[in-house]
There are 2 protein chains.
Amino acid sequence: MHIQHYKKVEGVAVTSPDAKGATMHVVAGPQQGAQNFTMRVFELEPGGYSFDHHHDFEHEIFFHQGKGEVDYNEKTIKVSPGDTAFIPPNVQHQIRNTGDETMVFVCVIPNRE
Amino acid sequence: MHIQHYKKVEGVAVTSPDAKGATMHVVAGPQQGAQNFTMRVFELEPGGYSFDHHHDFEHEIFFHQGKGEVDYNEKTIKVSPGDTAFIPPNVQHQIRNTGDETMVFVCVIPNRE
């Protein structure tokens, strides 16, 4: 059992040319004994964005704080706290902070070999 | 791709003698095409609580709104927005809203046969 504020888990800067101002906190995963999936909490600075990418596994996302947009394929959808997203495998996507405060969202992925 | 506020997904009252004032919104799961795990958003009314239970799979939880407590085994831990919990398989646990507003948390579980 691990209960903690996500900020107590050290954040790792997302270093990718496709990302900017993004920090990841892995709050539950194999290191904590989670066998099936991993919960990450991301912070995006104002003007920041996550990778523009796609992959062969799904994302399940919950938007906790701040305002932003999700781009996928050629659509853009505004998101705010309480919104959720299911991103199926192999769909191009990027999340961007379009507000004035840090954007915080939870993103769960399956554990991989 | 499904993006929506969790309240747009119809809530289901949790009917159990061990739960009170609890509503579940299944925002991503097999119905949306998620193959590995299911994201549920729970609302607990002031004074409400989730089942006091245990099971052979893990929970990964993110607390979005409100204040409450997690009981597990014989411990109690206070939680507030931004807190996360990893609850391993077979650990007794219950979440209680101890505040004045609706408590909202995200809880992810593996898909099961």
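Rules of the game
- Residues numbered from 1 in each chain as written.
- Chains lettered and ligands numbered in written order.
- Predicted model: local features only at pLDDT ≥ 70, side-chain atom pairs only at ≥ 80, totals over all residues.
- Helix = DSSP H or I, 4+ residues; strand = E, 2+ residues; numbered from the N terminus.
- Rg over C-alpha atoms; globule rule 2.2 N^0.38 Å.
- Buried ≥ 20, exposed ≤ 12 C-beta atoms within 10 Å, placed from the backbone.
- Contact = placed C-beta atoms within 7 Å.
- Least-squares fit on C-alpha atoms with pLDDT ≥ 70 in both.
- Core = buried A, V, L, I, M, F, W, Y, C linked by C-beta atoms within 7 Å.
- Nonpolar A, V, L, I, M, F, W, Y, C, P; charged D, E, K, R; others polar.
- Pairing = 2+ DSSP bridges.

Turning to the overall build of chain A, a few remarks are in order. Of the regular secondary structure elements, chain A holds zero helices and 10 strands. From first element to last, N terminus to C terminus, chain A shows the α and β order β-β-β-β-β-β-β-β-β-β. For 113 residues, the compact-globule formula gives about 13 Å, and the C-alpha radius of gyration of chain A, at 14 Å, lands near that figure. Counting only C-alpha atoms, chain A reaches 40 × 30 × 30 Å along its principal axes. Taken across its 113 residues, chain A has 38% of its residues classed as buried. In chain A, once contacts between residues fewer than 6 apart in sequence are set aside, the share between residues at least 24 apart is 64%.

With that out of the way, let us pick up the relation of the copies chain A and chain B. Overlaying chain A with chain B gives an RMSD of 0.0 Å, the required rotation being 180 degrees about an axis along which the chain moves by 0.0 Å. What the rotation and shift describe, once combined, is the action of a two-fold rotation axis. The C-alpha atom lying nearest the rotation axis in chain A is that of His64(A); the distance is 3.1 Å. Counting the interface residues of chain A, we find that 100% of their copies in chain B are interface residues as well, pointing to one common contact surface.

A word on the nonpolar core. In terms of nonpolar packing, the biggest core is built from 52 residues, with Phe62(A), Phe105(A), Val106(A), Phe62(B), Phe105(B) and Val106(B) touching the most fellow members. Once residues lying within four places of it in the same chain are set aside, the contact partners of Phe62(B) are Met39(A), Phe62(A), Val106(A), Thr84(B), Phe105(B) and Val106(B).

This next bit is on the environment of Val41(A). By the secondary structure assignment, Val41(A) is in strand E4 (residues 37-49). Of the residues examined, Val41(A) has 24 C-beta atoms within 10 Å and is grouped as buried. Residues Val41(A) and Cys107(A), 66 residues apart in the sequence, show an inter-C-alpha distance of 6.3 Å. Residues contacting Val41(A), with those up to four places away along its chain left out, are Tyr6(A), His25(A), Val27(A), Val104(A), Val106(A) and Thr84(B).

A separate point is the interface of chain A and chain B. At the junction of the two partners, chain A supplies 36 residues and chain B supplies 36 residues. Those elements that place two or more of their residues in the side of chain A that touches chain B are strand E1 (2-5), strand E3 (20-28), E4, strand E5 (59-65), strand E6 (68-72), strand E7 (75-79), strand E8 (83-87) and strand E10 (103-110) of chain A. Counting residues per element, the side of chain A that touches chain B draws most heavily on E8(A), which supplies five residues. Each residue belonging to the side of chain A that touches chain B can be placed in one class, and the counts come to 22 nonpolar, 10 polar and four charged. Judged from the four bridges that link them, E1(A) and strand E8 (residues 83-87) of chain B form a sheet pairing that is antiparallel. When the bridges of E8(B) are listed, Ile3(A) appears paired with Ala85(B).

Looking now at unusual backbone geometry. For Asn90(A), which is not glycine, the phi torsion reads 70 degrees and is therefore positive. Mapped onto the secondary structure, Asn90(A) falls in the loop between E8 and strand E9 (93-97).

Residues and elements named next belong to chain A. Considering the arrangement of structural elements, one finds Phe 63 in strand E5. Overall, Phe 63 belongs to the buried group, with 25 C-beta atoms counted inside 10 Å. Between the alpha carbons of Phe 63 and Cys 107 there is a distance of 8.8 Å; along the sequence they are 44 residues apart. In contact with Phe 63, not counting residues within four places along its chain, are Val 79, Ser 80, Pro 81, Gly 82, Asp 83 and Phe 105.

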